[in-house]
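Fold and contact review
If you want the building blocks of each chain, they are given just below.
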Amino acid sequence: MNLPGPVLPVARTLDFASGAMVPHAEVVVRRLSQMPRAFANSEAVATVLERGEDPVIYRAFPAAVPEQAGHLAYRTTVILPGAVGGEYFMTRGHHHHKDSAELYLGMSGRGLMLMQDRDGRLRVEELVRDVTVYVPPGWAHRTVNTGQDELVFLAVYFSDAGHDYDVIEQQGIGVRVMAGPDGPEVVAADATDLLAVKGESWPT
Ligand code: M6P
Ligand code: ZN
């Protein structure tokens, strides 16, 4: 967002229930057809789209901030409840072109953040109201709505970080979150990785 002119201090309000940010830049709407490869079950994706349905997966309310070094971009995101092929609705997932951190704040609903670094290490954290999740530089991140309601969160990141979707689109993140009979199941491609995800000894 390359805005002309100087940027002045500005206050914006957040509605924790709906995710609305006031004022905000143009709302971003992501539908299934715009992220068909995010979900593991490509047949299920094709079936939904062939039925003429193209569900909204998430929408976002961005703050209008220049994409320039020194600025912090931030936006609220609302992931709708739902699943495709038994896999919960989620964001596309990305690395940052310029490895740099991001901070999330849960505002309402219930979800999980899936994170993976460039060495393949995995981490899953719960995202609910009042919880912050810090994504260190070099960690890809994807957010999953595991609840029955909308998952609403705020994300703050370096404005010039850039979104790199290629690695996740081609290799995925090593865990997926599926709707099981007793609720969400975190399914890992590799049993060793799953142990790492569930490890208790993570430094704080
Ligand atoms: C958060 C931030 C944004 C991101 C959005 C959706 O709000 O991380 O930068 O665009 O989630 O994630 P994605 O672009 O991976 O679908
Ligand atoms: Zn990011």
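Here, the structure is the one placed above.
Now for a quick tour of the structure. (Residues numbered from 1 in each chain as written. Chains lettered and ligands numbered in written order. Predicted model: local features only at pLDDT ≥ 70, side-chain atom pairs only at ≥ 80, totals over all residues. Heavy atoms only, no water.)

**Some thoughts on the layout of surface pockets**
For clarity, the cut-off: Both site types are read off a 1 Å grid over the protein atoms alone. A 1.4 Å probe that fits but cannot get out defines a cavity, while an open set with protein on both sides within 12 Å along at least five of seven lines defines a pocket; lining residues have an atom within 4 Å of a point. Grid points are joined across faces, edges and corners, and a volume is the space filled by probe spheres set on the points. A helix here means a DSSP run of H or I that spans at least four residues, while a strand means a run of E at least two residues long, and both kinds are numbered starting from the N terminus. All residues other than Ala, Val, Leu, Ile, Met, Phe, Trp, Tyr, Cys, Pro, Asp, Glu, Lys and Arg, Gly among them, are scored as polar; the first ten of these are nonpolar and the last four charged.
Considering only enclosed or pocket space, the largest pocket measures out at about 530 Å³ in volume. Considering the residues around the largest pocket, the lining is formed by 31 residues, among which R75, H94, Y157, H163 and Y165 are closest to the centre. Those elements that provide at least two residues to the lining of the largest pocket are β3 (28–31), β4 (56–62), β5 (72–79), β9 (102–108), β13 (139–145) and β14 (151–158). Of the residues assigned to the lining of the largest pocket, the class counts are 15 nonpolar, 9 polar and 7 charged. Roughly 160 Å³ of volume is contained in the second largest pocket. Lining the second largest pocket, in full, are V7, L8, V10, R12, A64, V65, P66, H71, L72 and Y74. Among the residues forming the lining of the second largest pocket, the class breakdown is 8 nonpolar, 1 polar and 1 charged.

**A short note on the sheet that holds β5**
Keep this limit in mind: Pairs of strands are assigned from DSSP output, requiring at least two bridges between the strands. For helices, the fitted axis covers only the stretch in contact; all axes are lines through C-alpha atoms, and the angles between them, taken along N-to-C directions, range from 0 to 180 degrees.
Taking strand neighbours across the sheet as the criterion, the 6 strands line up as β3-β4-β5-β14-β9-β12 in an open arrangement whose pairing is antiparallel. Lying at the two open borders of the sheet, with one neighbouring strand each, are β3 and β12 (132–135). Between one strand axis and the next, the sheet turns by 20° as a mean value, whatever way the strands run.

**So, the environment of R30**
For clarity, the threshold we go by: Burial here depends on accessible area, computed with a 1.4 Å probe over protein chains only, as a share of the maximum for the residue type. Under 20% is buried, over 50% is exposed, and the range in between is partly exposed. The contact rule is simple, with two residues in contact once any of their heavy atoms fall within 4.5 Å.
Looking at the secondary structure, you find R30 in strand β3. Overall, the relative accessible area of 24% leaves R30 in the partly exposed class. For R30 and A60, which are 30 residues apart along the polypeptide, the C-alpha to C-alpha distance reads 8.6 Å. In contact with R30, not counting residues within four places along its chain, are M35, P55, V56, I57 and Y58.

**A few points about the coordination of the zinc ion (ligand 2)**
The line we're drawing: Only nitrogen, oxygen and sulfur atoms qualify as donors, provided they sit within 2.8 Å of the metal or within 3.2 Å for Na, K and Ca; with water excluded from the atoms, sites may seem incomplete. For a four-donor site, all angles between 85 and 135 degrees give tetrahedral; for four or six donors, opposite pairs above 155 degrees with the remaining angles between 65 and 115 give square planar or octahedral; all remaining cases count as irregular.
Around the zinc ion (ligand 2), the protein supplies H94 (NE2), H96 (NE2), E102 (OE) and H141 (NE2) as donor atoms, at distances of 2.0 to 2.2 Å. Bound by 4 donor atoms, the zinc ion (ligand 2) shows angles of 87 to 160° at the metal and therefore irregular coordination geometry. Donor residues for the zinc ion (ligand 2) sit on one chain with the sequence pattern H-x1-H-x5-E-x38-H. Within this pair, whereas E102 is found in strand β9, its partner H141 is found in strand β13, the two being separated by 39 residues in sequence. The pair formed by E102 and H141 is uniform in burial state, with each residue classed as buried.

**Comments concerning the pattern of salt bridges**
Note on pairing: side chains with opposite charge can pair once their charged atoms come close. What counts, and what does not: The working definition used for a salt bridge is a side-chain nitrogen of Lys or Arg within 4 Å of a carboxyl oxygen of Asp or Glu.
Inspection of the entire model under this criterion finds 11 salt bridges. Between D160 and K98 there is a salt bridge whose closest N-O contact spans 2.9 Å. Of this pair, D160 sits in the loop between β14 and β15 (163–164) while K98 sits in the loop between β8 (95–96) and β9, placing them 62 residues apart in sequence. Among the charged side chains, a network of salt bridges with common partners joins R37, R92 and E169.

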